[in-house]
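# Structural description and commentary
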Amino acid sequence: GDSVTQMEGPVTLSEEAFLTINCTYTATGYPSLFWYVQYPGEGLQLLLKATKADDKGSNKGFEATYRKETTSFHLEKGSVQVSDSAVYFCALSGSNDYKLSFGAGTTVTVRA
Amino acid sequence: GAGVSQTPSNKVTEKGKYVELRCDPISGHTALYWYRQSLGQGPEFLIYFQGTGAADDSGLPNDRFFAVRPEGSVSTLKIQRTERGDSAVYLCASSLTSRTSGGPRVFFGPGTRLTVL
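Residues numbered from 1 in each chain as written. Chains lettered and ligands numbered in written order. Predicted model: local features only at pLDDT ≥ 70, side-chain atom pairs only at ≥ 80, totals over all residues. Heavy atoms only, no water.

This part is about the overall build of chain A. Per the secondary structure count, chain A includes zero helices and 12 strands. Listed N to C, the secondary structure of chain A is β-β-β-β-β-β-β-β-β-β-β-β in terms of helices and strands. By the compact-globule yardstick of 13 Å for 112 residues, chain A fits well, its C-alpha radius of gyration being 13 Å. Based on the C-alpha atoms only, the size of chain A along its principal axes is roughly 45 × 25 × 20 Å. Counting across all 112 residues of chain A, residues that qualify as buried make up 47%. The contacts in chain A between residues at least 6 apart in sequence include a share of 55% that link residues at least 24 apart. Taken as a whole, chain A presents about 5200 Å² of accessible surface, with 46% of it coming from carbon and sulfur. Averaging the positions of the 9 positive and the 12 negative side-chain charges in chain A gives two centres separated by 4 Å. (Helix = DSSP H or I, 4+ residues; strand = E, 2+ residues; numbered from the N terminus. Rg over C-alpha atoms; globule rule 2.2 N^0.38 Å. Buried < 20%, exposed > 50% of the residue type's maximum accessible area, 1.4 Å probe, protein only. Contact = heavy atoms within 4.5 Å. Areas by Shrake-Rupley, 256 points an atom, 1.4 Å probe, with all protein chains shown as cover. Lys, Arg positive; Asp, Glu negative; His and termini not counted. Charge placed at Lys NZ, Arg CZ, Asp CG, Glu CD.)

For the rest of this paragraph, the subject is unusual backbone geometry. Backbone phi values are negative for most residues with the exception of glycine, while trans is the configuration of most peptide bonds. With omega at -5°, the peptide bond leading from Gly 9 of chain A into Pro 10 of chain A counts as cis. One can find Pro 10 of chain A in the loop between strand E1 (3-6) and strand E2 (11-14). Omega for the bond connecting Thr 7 of chain B with Pro 8 of chain B falls within 30 degrees of zero, at -10°, which places this linkage in the cis form. Note on placement: Pro 8 of chain B falls in the loop between strand E1 (5-7) and strand E2 (10-13).

Here we come to the sheet that holds strand E7 (residues 65-68) of chain B. Residue and element names in this part refer to chain B. If you walk across this open sheet you meet the four strands as E1-E3-E8-E7, and the pairing is antiparallel. Taken across any chain shown, the strands that pair with only one partner, and hence form the sheet edges, are E1 and E7. Looking at each pair of strands side by side, their axes are set apart by 15° on average, direction ignored. Note that E1 and strand E3 (residues 19-24) share three bridges and pair antiparallel. Pairing of Thr 7 across the sheet is with Arg 22, part of E3. (Pairing = 2+ DSSP bridges. Axes fitted to C-alpha atoms, helices over the stretch in contact; angles between N-to-C directions.)

Many authors give the size of an interface as the accessible area that is lost as the parts come together. Contacts between chain B and chain A engage 23 residues on the former and 19 residues on the latter. Roughly 1600 Å² is buried in total at the junction of chain B and chain A, and carbon and sulfur atoms are behind 55% of that figure. There are one salt bridge connecting chain B and chain A. One salt bridge in this structure joins Asp 56 of chain B and Lys 99 of chain A, with 3.5 Å as the shortest N-O distance. The interface formed by chain B and chain A contains four residue pairs in polar contact (both at pLDDT 80 or more). (Buried area = accessible area lost by both parts, 1.4 Å probe. Salt bridge = Lys/Arg side-chain N within 4 Å of Asp/Glu carboxyl O. Polar contact = N/O pair within 3.5 Å; in protein donor to acceptor, adjacent residues only side chain to side chain.)

Residues and elements named next belong to chain B. A complete count under the given rule lists two disulfides over all chains for this structure. Across the disulfide from Cys 23 sits Cys 92; the S-S distance is 1.9 Å. Taking the sign of the S-S torsion, about -70° here, the bridge from Cys 23 to Cys 92 comes out left-handed. Of the two residues, Cys 23 is situated in strand E3 and Cys 92 in strand E9 (residues 88-95); the sequence distance between them amounts to 69 residues. Taken as a pair, Cys 23 and Cys 92 share a single burial class, namely buried. (Disulfide = S-S within 2.5 Å.)

This is the structure we're talking about:
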């Protein structure tokens, strides 16, 4: 079945550092790929998505590129802020579209 | 506008008891989903409603779990004879439709934290 594997945390960074969170997936067909974020005390919210190979999703300075050849969707941000401290989840929706499969989440803490 | 709301936010119960968790989706959203998030894990799909009917309940772990959405809006997740392993955060989500190319835009509620003692 569909599955997502993402980099284990926790990750601790200083402000303005470069952030990468690795995500790889297993799926049949052509899944859509997502990054969700959960800020402290808040619910899950969509950060960005990509629906086909070579698409780049971007939002709030974060980017991720759908790489079919490596089955990856790594999340990157060039200069993190304290406000980026959160748990980040990589996810995919497969051929049925409506069902999301999530990775285990990566906790990111950014220190001033 | 109002997002997805869930009540209660926290529920503590004893092993063997029955619990109900409620979800109010965003008004006008026809698709509703339940997920379960265990500690240190990502959310896992439980069930999906399109309107009033359960279109996919393949994620329900066993027959102690049941969900309804009688009027196509509010949904209730029901757990009978609770076990300690049921302790988790139960997330509800909704979307305008479910059949959108590239996947629907799904909005999650804050979750209900269930603790079974």
